[in-house]
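# Reading the structure
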Amino acid sequence: MERCNRLVDVGRRQFLRGSAFAAAGAAAAVSLPVTPARAAPGLALVEYPSNRLANIADLKPNEPLDVGYPDDNAPGVLLKLGTRVEGGAGPDGDIVGFSTVCPHKGFPLNYNAEDRTLNCPGHYSRFDCEAGGLQIWGQATQNLPQYQLRVDKKGDIFAEGLDELIYGRLSNVL
Amino acid sequence: MAYKRQIDRLPIIPADAKVHNVVCHYCIVGCGYHAYTWDVNRQGGTAPDQNVFGVDLSQQQEAETPAWYSPSMYNIVKQDGKDVHIVIKPDTECVVNSGLGSIRGARMAEMSFSRARNTQLQRLTDPMVWRYGQMQPTSWDDALDLVARVTAAVIKEQGDDGVLVSAFDHGGAGGGYENTWGTGKLYFGAMKVKNIRIHNRPAYNSEVHATRDMGVGELNNCYEDAELADTIMVVGANPLETQTNYFLNHWIPNLRGTSTEKKNAELPDEPHEPARVIIVDPRRTVTVNVCEVEAGKDRVLHLAINSGTDLALFNALLTYIAEQGWTDREFIAASTNDFDKALAGNRTTLEQAAEITGLTVEQIKQAAAWIAEPKEGKRRRTMFAYEKGLIWGNDNYRTNGALVNLALATGNIGRPGGGCVRLGGHQEGYSRPSDAHVGRPAAYVDQLLIQGKGGVHHIWGCDHYKTTLNAHEFKRRYKERTDMVKDAMSSVPYGDRQATVDAIMGAIREGGLFSVDVDIIPTKIGQASHVWLPAATSGEMNLTSMNGERRMRLTERYMDPPGQSMPDCLIAARLANNLERVFREAGDTAVADQFKGFDWKSEEDAFMDGYHQHEKGGEFVTYARLRAMGTNGFQEPATGLETTGPVAAGTSTGEPGEVLGGPTIEGARGKEPVQEAAPTNAGAAPTPPAGSERIVGTKRLYADGKFNKEDGKAVFMETQWRGLQAAGKQAEKDKFAFLINNGRTNHVWQSAYLDQQNELVMDRWPYPFIEMHPADMEELSLKQGDLVEIYNDNGSTQAAVYPTPTAKRKETFMLFAYPTGVQGNVVSAGVNEFIIPNYKQTWANIRKISDAPESVKHLSFKSQEYPAT
């Protein structure tokens, strides 16, 4: 998850000047499985991978854990909110995961622990992690893409889907 | 849970998709977009040669990429009768928005009529008439015949004064040069209607009479001036939410200091720093928040004045700046009259102003220094911007004048980094025959309707039930009068036209009112109407408008209008044709002849008949030329063509800072519509010239220091403070506990009529919010999201409580003009001397109705402010 941390560290002013995000994305150089073009019949939904992102033991209350889903070029966070929320996973119903690429113009969102929000330094949009990624205020025309999470008996947290389109890709799974 | 679309991919735009120029039709900024369309059974691919972007879409795209679009930018619509995919996405090459899309404009595709994807099915598809106790579809011929017969009968009995009209006067959707000309030629050319009002106010008047009377048109600068200013003073406006991409793309670079290079290049020989900002607003807005985040708190002065006291502040600033010797004496001498008179008449001490406004003397002094204190011997460049806080605030006329006084005294109009401008609501798009017969003050049309005057009411793209003052009483009386006509219509068979018209006229003689509503959706006021005529909107017709820096563009028709709907200009033309026929049948030949000249077949015919023939510089402007100029267009007024140069003697070549003058632009200085003396009922429109030469425009008005007065000199205005001006306001303030300040919010701005059927918006705002200080909530035992009643002697309405710690005690802020809770219900009928409403100074009491409804429970009530890091 080094790359994700670096994304956040780059800082908003630099992002506003150019294509740092592109460079960061390219630097990750993750090769993805390519779906055979003609072999499979067309499906109505993209095939989301079931990816283990972390174990509950890795999460500290109200501290974001940088993850990538459905691949490492799609930065996101896992959060243990400490209070049960609608759509929350895990035994306490308080674990949520979100894309951290702003659905407005693709800038990386910053987590504000004080009010549990993700905030965009590009154009000031704010998303509420305790309300399903609802845009509190902002420019995006969608609420924040949230992970569908499953927690197994060992406490491993798997992401298995998203509920909105991720910025910068016309298919959530590339 | 927050609303989610559950969309995991979108069709890719193929390389050969059709591309149309689009300007966002919602707000004044007019951001540039492109509409891409392609056949519904085809799609592009991820390989660079398979998509319109020429990039590898199997890779994650970077921030600010042009090669992505959100689900809200996609839809399936009809084009030439066939289903096509459509993507409407921001244009990175447009100088207005540089690829930025707002939360409103970036939903244009999703807000289009689509039977395939069930969006905006509220749109009207057929003319509808009151028949058998409800609205029923009919043909254009039938609906227009009914409207024409009733209208003609009313004119015969009451004259043109019996025809009451409410009509848009702006650009963008529900307006534009084509449609203002169509309606204008009908009511001001064929008829001489004087009982007419504009979409958002109860009379036919300018919202900014004062600045025009002083010789200063209100859209006098260019958006680049916000990048060049040393100081921006913004009054009663919240540009981050209501001129979003103007603010983000042109103000923010100056606040961050990233426009310094441009300043040095365009304005050498003077020192430059990042901008300072003075924000005059009783409420702390997200604009204040973001200015502080970007510029630093030490460069932002938020003057949170007592509501309605702007005038006292401006007079004190003028007085103090003059005392310090910071005025632009050369400019005042060369380009203005009456400075000394106004200075003496408006003299206000810092202490007096502090007492009235609630500010400190130090704050006012600091504002004066930021506005006018010379920077190393050079004149400080200050841009003044204002909107509804001033326009719909206390003592509109004088307050507007007082701000223009300040701009003139400091030499800040017509120069780079300056301007004294309204920020605007819709785009502009006014082209009409003279309205001189309307008079001044114009008739207070809402009061005429309430008092039982007139027989027929034609409504064009207006919804008084949502957007007028005194709305509670207005609705009560309007329903009463129109119900009389409905009952009369129900008493005879619809198919018996003579009996129907006779029954309607009988009801009108008893005080009834026949209501005709031309709109794209069934409106709230339409509930009372007897005929609905379905209009097309921007993109379903070709439409021209100009934005807040007078930038004129053509939105091309990229999809079919729903069902039988037509452009407003053609509806006006067909109504005129029918009135001509009815009058002729009745033997009133002379009256019938007044309705000649409406044989337009297309919106382009209306444009050529109107703007092209009648507006200053219009002779240079054609659809072909506008198409070629794309989303950047040109800045009005046009002065010539690039191939021939400016045509009129004395006009400029369009170079920055060049002296502008000459007959072509004299009349158009200041945006007031100027009509040539051509007859308005001329015949068919001429064939448009085919050329696509580039049009030369005008970057700034008054760059030559000559203003819109006979002697070319702007006039200072005496603007003495006189307290709360509108009748009854002070008593209301004394009687009720809470200020019900009101305005807009980012999700919904010039878009509510469509947003009321948009899931994203209605999920966030099922009810209008009312911001309240938590201590005030506690006193009333209110929790976040509770539904409350706001009530006073004018009426009552409802809103959901949004706890707002930054609010002042007893000062609330309610979302304006929202369909599920109309703030205008509690606004009094009090207006200024020119019938400008005063929405902002409203006081009422508040009580709980219920706990948060189900649709509110899942919402967030966290601060809307970006957290400072």
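All values derive from a computational prediction rather than experimental measurement.

Here we take up the packing of aromatic side chains. Under the criterion given, the structure shown has 31 aromatic pairs over all chains. For the pair Tyr167 of chain A and Trp68 of chain B, a centre-to-centre distance of 4.5 Å together with 50° between the ring planes defines the contact as tilted. Taken together, the positions of Tyr167 of chain A in the segment after strand S10 (156-162) and Trp68 of chain B in the loop between strand S2 (32-39) and strand S3 (74-79) put the pair across two chains. Under the relative-accessibility criterion, Trp68 of chain B is labelled buried at 4%. Every member of this aromatic cluster is reached through a ring pair, and the members are Trp765, Phe769, Tyr802, Phe813 and Phe861 of chain B. Between Arg131 of chain B and the ring centre of Tyr494 of chain B, over which it is positioned, the NZ or CZ distance is 5.5 Å. Positioned above the aromatic ring of Trp392 of chain B is the side chain of Lys388 of chain B, whose terminal nitrogen or guanidinium carbon lies 4.8 Å from the ring centre.

Attention now moves to the domain arrangement of chain B. Interface size is commonly expressed as the accessible surface area that is lost when the partners come together. Domains assigned within chain B are domain 1 (18-111), domain 2 (128-206 + 430-541 + 555-604), domain 3 (220-422) and domain 4 (729-856). The gap between the C-alpha centroids of domain 2 of chain B and domain 3 of chain B is 42 Å.

Before going further, it helps to spend a moment on the side chain of His773 of chain B. Residue and element names in this part refer to chain B. Looking at the element boundaries, His773 is found in the loop between strand S26 (769-772) and helix H28 (774-779). You can call His773 buried: its relative accessible area is 19%. Among the polar contacts made by the side chain of His773, one reaches the main-chain amide nitrogen of Ala775 at a distance of 3.0 Å. Those residues in contact with His773 that sit more than four places away from it in its chain are Thr804, Pro805, Ala807, Lys808 and Arg809.

Backbone-to-backbone hydrogen bonds join strands into a sheet, with any given pair of strands oriented parallel or antiparallel. Residue and element names in this part refer to chain A. One open sheet holds the 3 strands; their spatial order is S1-S10-S9, and the pairing between them is antiparallel. With partners counted over all chains shown, the strands left at the sheet margins are strand S1 (51-55) and strand S9 (147-151), one partner each. Strand-to-strand twist in this sheet, taken as the mean axis angle between neighbours without regard to direction, amounts to 35°.

On to the sheet that holds strand S1 (residues 18-23) of chain B, then. Residue and element names in this part refer to chain B. The strand order across the open sheet built from 4 strands is S1-S2-S4-S3, with neighbouring strands paired in antiparallel fashion. Two strands close off the open sheet at either side, each with one partner strand: S1 and S3. Direction aside, the axes of adjacent strands within the sheet are offset by 35° on average. Of the strand pairs in this sheet, S1 and S2 are connected by 6 bridges, and their pairing is antiparallel. The residue of S2 that forms the bridge with Asn21 is His34.

Cut-offs and rules
- Residues numbered from 1 in each chain as written.
- Chains lettered and ligands numbered in written order.
- Predicted model: local features only at pLDDT ≥ 70, side-chain atom pairs only at ≥ 80, totals over all residues.
- Heavy atoms only, no water.
- Phe/Tyr/Trp six-rings, centres within 6.5 Å; stacked < 30°, edge-to-face > 60°.
- Helix = DSSP H or I, 4+ residues; strand = E, 2+ residues; numbered from the N terminus.
- Buried < 20%, exposed > 50% of the residue type's maximum accessible area, 1.4 Å probe, protein only.
- Lys NZ or Arg CZ within 6 Å of the ring centre and 35° of its normal.
- Domains from an automatic or database assignment.
- Polar contact = N/O pair within 3.5 Å; in protein donor to acceptor, adjacent residues only side chain to side chain.
- Contact = heavy atoms within 4.5 Å.
- Pairing = 2+ DSSP bridges.
- Axes fitted to C-alpha atoms, helices over the stretch in contact; angles between N-to-C directions.

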